[in-house]
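Single-letter residue listing:
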Amino acid sequence: MDKFKLNHKNKILLELLDANSRSTLGFLAEKLNLSKQAIRIKLKNFIQKELVLNYISIVDFFKLGYNNMHLYLMLQGIDKETYNKKIEDIKKLRGIVWIAELFGESNLGISILYKNTLELSDILDKTNKIFGSFIIRRETHLINKHFISRINFVSQDSKIIELNHDKNILNIEKLDEKILSEIKNNARFNYLDLSIKLKKKPETIKKHILSLENKKIIKSYKLLLNYNRLGYLWHLCILNIVPGRGISNLLNYFKQEKRIPFVSITIENNIIIDFLSRDYQELKEFLNLLKEKNKEIESYKILNVEKLIKLKEI
């Protein structure tokens, strides 16, 4: 598919949607000095051209008692038909929230949400049974913090969404769980549609969502952008930090870097960054300079994201 070329108004529109993907057509039309119909056409075009993959609700799963693990596998000797069938099996496992095809020392990445070690053990056991002897290497990272950046094509908005481990676990009602399940990949939801689906009054649905927002369980409404359509390469860079060294300076730098939309911190205090580059030379120059200026980085590993297979919340 050809590269999607953004004009100035499209850049602003994407920034507005990324700041709040629930923005109304009227609000967006006023900001861009366009008609509601023109905005509606642009939004439809973004989806049809696969520039915007989805409008998502950012849920702080840590507050609900979940933990997060990244699992990277190297699969070998598996034919395409068998691979596709096993991917479908993996997608059905409860707790699997992200799957991507990779290129590098691992060729499959999986993100797992779990509440306790028994749940994690069960998910890992089922994953091992699905892929079996096709797994020749595995690597795991336990995550305790995420930083999500805003899209900045024109503006200099440096606001960061933080998801952190919280000692105070919040209990939510069954209706709240159902609401989160419905809006996780549908941030531009309609209250009336939700009320019909969940068989509750719109006022009740609105009250519960407002409560989830006030408790910071719902942190933001954001868009999921397909960076490949803009000509970017998507890399996962795993930075191994010298034991005992601080990472605050690195994190402050990453939060300001427009080419880094996502940062994860492991329990070992290592860092995983999502880095966007136009080519591999840009990536190489970035990492070489980064390591040269930051002696706390002991080593790094690069995994290239070739295809996003699954992304969902809880």
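Residues numbered from 1 in each chain as written. Predicted model: local features only at pLDDT ≥ 70, side-chain atom pairs only at ≥ 80, totals over all residues. Heavy atoms only, no water.

A few points about the environment of Ile179
As for its placement among the helices and strands, Ile179 is situated in helix H6 (residues 174-183). A residue is classified by how much of its surface remains accessible, and Ile179, at 0% relative accessible area, is buried. Along the sequence, Ile179 and Ile148 sit 31 residues apart, while their C-alpha atoms lie 23 Å from each other. With residues near it in sequence (within four places) discarded, Ile179 still touches Leu198, Ile205, His208, Ile209 and Leu212. (Helix = DSSP H or I, 4+ residues; strand = E, 2+ residues; numbered from the N terminus. Buried < 20%, exposed > 50% of the residue type's maximum accessible area, 1.4 Å probe, protein only. Contact = heavy atoms within 4.5 Å.)

Some details on the pairing of strand S11 (residues 297-311)
As defined by bridge partners, strand S3 (residues 96-103) adjoins S11 across 6 bridges and the pair is classed as antiparallel. Residue pairing in the sheet places Trp98 in a bridge with Leu311 of S11. When strand S8 (residues 233-241) meets S11, the two strands line up antiparallel, connected through 8 bridges. The partner of Ile238 across the bridge, within S11, is Lys301. (Pairing = 2+ DSSP bridges.)

Let's talk about the pattern of salt bridges
For side chains bearing opposite charge, pairing can occur when the charged atoms are close. The full count for this structure, using the stated rule, is 13 salt bridges. Close ionic contact of Lys85 with Asp89 constitutes a salt bridge, the shortest N to O distance being 3.7 Å. Residue Lys85 and its partner Asp89 are both found in helix H4 (residues 80-91); the two are separated by 4 residues, about one turn of the helix. For Asp89, a relative accessible area of 26% translates into the label partly exposed. (Salt bridge = Lys/Arg side-chain N within 4 Å of Asp/Glu carboxyl O.)

Things to note about the packing of helix H1 (residues 8-19) against helix H3 (residues 36-48)
At their nearest, the axes of H1 and H3 sit 12 Å apart, and the two run at 80° to each other. Relative to H3, H1 is oriented roughly perpendicular. Of the residues in H3, those touching H1 at Asn10, Leu13, Leu14 and Leu17 are Ile39, Lys42, Leu43 and Phe46. Grouping the constituent residues of the contact of H1 with H3 by class yields 6 nonpolar, 1 polar and 1 charged. (Axes fitted to C-alpha atoms, helices over the stretch in contact; angles between N-to-C directions. Parallel < 35°, antiparallel > 145°, perpendicular 65-115°, else oblique. Nonpolar A, V, L, I, M, F, W, Y, C, P; charged D, E, K, R; others polar.)

Digging into helix H2 (residues 25-32)
Inspection of H2 places Leu25, Leu28, Ala29 and Leu32 among the buried residues, and these make up the whole buried set. Axial view of H2: buried residues confined to an arc of 100°, hence all on one face. Exposed positions of H2 whose direction lies more than 90 degrees from the buried face are Glu30 and Lys31. Residues of H2 that are buried sit in contact with H1 and H3. Among the residues trailing H2, Asn33 stands out with phi positive, at a value near 55°. (Arc of directions from axis to C-beta.)

Here we look at unusual backbone geometry
The backbone of Asn33 sits at a positive phi, close to 55°, despite the residue not being glycine. Along the polypeptide, Asn33 turns up in the loop between H2 and H3. For Asn33, a relative accessible area of 71% gives the class exposed. Positive phi is not limited to glycine here, since Lys199 has a value of about 60°. Tracing the backbone shows Lys199 in the loop between helix H7 (191-198) and helix H8 (202-214). Looking at Lys199, the relative accessible area reads 75%, which means it is exposed.

Things to note about the confidence of the model for the protein chain
Mean pLDDT over the protein chain stands at 94; residues scoring 70 or higher make up 99%. The lowest-confidence element of the protein chain is S11, averaging 92 in pLDDT; the highest-confidence one is strand S2 (residues 67-75), averaging 98. (pLDDT = per-residue confidence, 0-100.)

Some points on the packing of H4 against helix H5 (residues 117-131)
Contact geometry for H4 and H5: axes closest at 10 Å, N-to-C directions at 165°. Regarding the angle of H4 to H5, the classification is roughly antiparallel. The crossing of H4 and H5 is right-handed. Two secondary-structure elements touch here, H4 through Lys86, Ile87, Asp89 and Ile90 and H5 through Thr127, Ile130 and Phe131. For the contact of H4 with H5, a count of residues per class yields 4 nonpolar, 1 polar and 2 charged. (Left-handed = near helix turned anticlockwise from the far one by under 90°.)

Thoughts on the packing of aromatic side chains
Across all of its chains, the model carries 7 aromatic pairs by this definition. Between Phe189 and Tyr221 the ring centres are 6.2 Å apart and the planes differ by 65°, which places this aromatic pair in the edge-to-face class. On the criterion of sequence distance, the pair formed by Phe189 in the loop between H6 and H7 and Tyr221 in strand S7 (residues 218-225) is long-range, its members being 32 residues apart. Assessed through its relative accessible area of 9%, Tyr221 is described here as buried. Their ring planes at 50° and their centres at 5.8 Å tell us that Tyr253 and Phe254 sit as a pair that is tilted. Exposure remark for Tyr253: the relative accessible area of 36% places this residue in the partly exposed category. When its relative accessible area of 1% is taken as the criterion, Phe254 is described as buried. Grouped by ring-pair contacts, the aromatic residues Phe189, Tyr191 and Tyr221 constitute a single cluster. The side chain of Arg22 reaches across the aromatic face of Tyr221, ending 5.9 Å from its centre. (Phe/Tyr/Trp six-rings, centres within 6.5 Å; stacked < 30°, edge-to-face > 60°. Lys NZ or Arg CZ within 6 Å of the ring centre and 35° of its normal.)

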